[in-house]
Amino acid sequence: MSPPISSKRDRSSERDGLAALNDLPRAELVERLLACLDVPRWADDVADRRPFADLAELLGAADGAAPDLTPGELDGALAAHPRIGQRPAGTGSAADHARGEQSGVDPDDAELSRALREGNEEYERRFGHVYLVRAAGRSGAELLSILRSRLDNDPAAERRVVERELREIARLRLEKVIAG
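Residues numbered from 1 in each chain as written. Predicted model: local features only at pLDDT ≥ 70, side-chain atom pairs only at ≥ 80, totals over all residues. Heavy atoms only, no water.

K.L.:
Kindly report on the overall build of the protein, identifying the contributing residues and their values.
P.N.:
Scanning the protein for helices and strands turns up 9 helices and 0 strands. Each helix and strand of the protein, placed in order from N terminus to C terminus, yields the pattern α-α-α-α-α-α-α-α-α. Across the 180 residues of the protein, 41% fall into the buried class. Of the roughly 9,400 Å² of accessible surface on the protein, 50% is carried by carbon and sulfur atoms. (Helix = DSSP H or I, 4+ residues; strand = E, 2+ residues; numbered from the N terminus. Buried < 20%, exposed > 50% of the residue type's maximum accessible area, 1.4 Å probe, protein only. Areas by Shrake-Rupley, 256 points an atom, 1.4 Å probe, with all protein chains shown as cover.)

Structure representation (structure tokens):
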């Protein structure tokens with residue numbers, strides 16, 4: 001039995017997106033990668049691993065690139081992300097990604113907005129940077145619950161969590177880039 005038409009279309013779209021990514025001039029590819037994870041060394045590492053045969057190979061390259069982020073790289077990457085509950089005001093791919101990823105946070109829920117604002121402020125006092133979490137597919141209440149649970153982390157453990165979250169966000173964004 002043949003797969004559903006949508007599966008064929010998805011694979012075709014993935015192949016087309018991957019071919020387009022493989023064919024991009026290096027500078028343009030690096031710019032697109034930086035919208036996924038704003039770490040130049042990571043973007044350079046991923047770009048240097050081209051061509052990619054399939055999405056799994058691309059995601060594997062993204063996972064393996066720049067394995068340990070420096071404090072400066074982590075700070076730079078975090079600076080590219082808005083607070084949870086605050087919509088990015090800028091334009092460009094990174095801002096567009098962030099707007100979509102935080103779509104589960106209802107801006108009209110005043111109580112949730114207040115709790116997220118207070119939680120963000122407490123998190124920033126404790127760790128010295130913005131609270132970062134893979135927000136895509138999660139509700140505002142879930143994001144708040146995760147924030148509160150992470151306040152118990154020690155700084156070293158939280159750094160590991162933040163790096164993991166950055167890489168998960170990068171993977172999701174790469175999939176969107178390929179999907180077009």
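K.L.:
Break down the packing of helix α4 (residues 55–64) against helix α9 (residues 155–179) for me, citing the residues and quoting the values.
P.N.:
Angle between the axes and distance between the axes: these two values describe a pair of packed helices. Following both chains from N to C, one finds α4 and α9 inclined at 150 degrees, their axes separated by 10 Å at the closest point. The angle between α4 and α9 falls in the class roughly antiparallel. Crossing angle aside, the handedness with which α4 passes α9 is right-handed. Contacts between α4 and α9 involve L55, L58, L59, A62 and D63 from the first element and R167, R171, L174, E175 and I178 from the second. When grouped by side-chain class, the residues that make up the contact of α4 with α9 number 6 nonpolar, no polar and 4 charged. (Axes fitted to C-alpha atoms, helices over the stretch in contact; angles between N-to-C directions. Parallel < 35°, antiparallel > 145°, perpendicular 65-115°, else oblique. Left-handed = near helix turned anticlockwise from the far one by under 90°. Contact = heavy atoms within 4.5 Å. Nonpolar A, V, L, I, M, F, W, Y, C, P; charged D, E, K, R; others polar.)

K.L.:
Tell me about helix α7 (residues 110–127), and name the residues and values.
P.N.:
The terminal C-alpha atoms of α7 lie 25 Å apart, and with 18 residues this matches the ideal 26 Å at 1.5 Å per residue to within 8%. Residues of α7 that are buried: L112, A115, L116, G119, N120, Y123 and F127. Down the axis of α7, the smallest arc covering the buried residues is 135 degrees, so these residues share one side. Exposed side chains of α7 directed beyond 90 degrees from the buried face belong to A110 and R125. Taken together, the buried residues of α7 touch α8 (140–150) and α9. (Expected span 1.5 Å × (residues − 1). Arc of directions from axis to C-beta.)

K.L.:
Tell me what's going on with the packing of aromatic side chains, and back it up with residues and numbers.
P.N.:
One pass over the structure, following the stated rule, counts 2 aromatic pairs. Taking the centre distance of 4.7 Å and the plane angle of 50 degrees together, the rings of Y123 and F127 count as tilted. Placement of the pair is Y123 and F127 together in helix α7, with a separation of 4 residues, close to one helical turn. We classify Y123 as buried; its relative accessible area is 0%. (Phe/Tyr/Trp six-rings, centres within 6.5 Å; stacked < 30°, edge-to-face > 60°.)

K.L.:
An account of the environment of L69 is requested, with residue identities and associated values reported.
P.N.:
You can see L69 is positioned in the loop between α4 and α5 (71–79). Classification of L69 as buried rests on a relative accessible area of 4%. Aside from chain neighbours lying at most four places away, what touches L69 is V39, R41, L74, R159, E163, L166 and R167.

K.L.:
So what's going on with the nonpolar core? Residues and values would help.
P.N.:
Grouped together as the largest cluster of nonpolar side chains are 48 residues, with contacts concentrated most on L33, W42, V46, L58, L166 and L174. Looking at this core, the elements that each hand over two or more residues are α1 (5–23), α2 (26–34), α3 (40–48), α4, α5, α7, α8 and α9. Beyond its immediate stretch of four places on either side in the chain, V46 contacts L33, F52, L58, A61, A62 and A65. (Core = buried A, V, L, I, M, F, W, Y, C linked by side-chain atoms within 4.5 Å.)

Shape is all these values report; function is a separate question.
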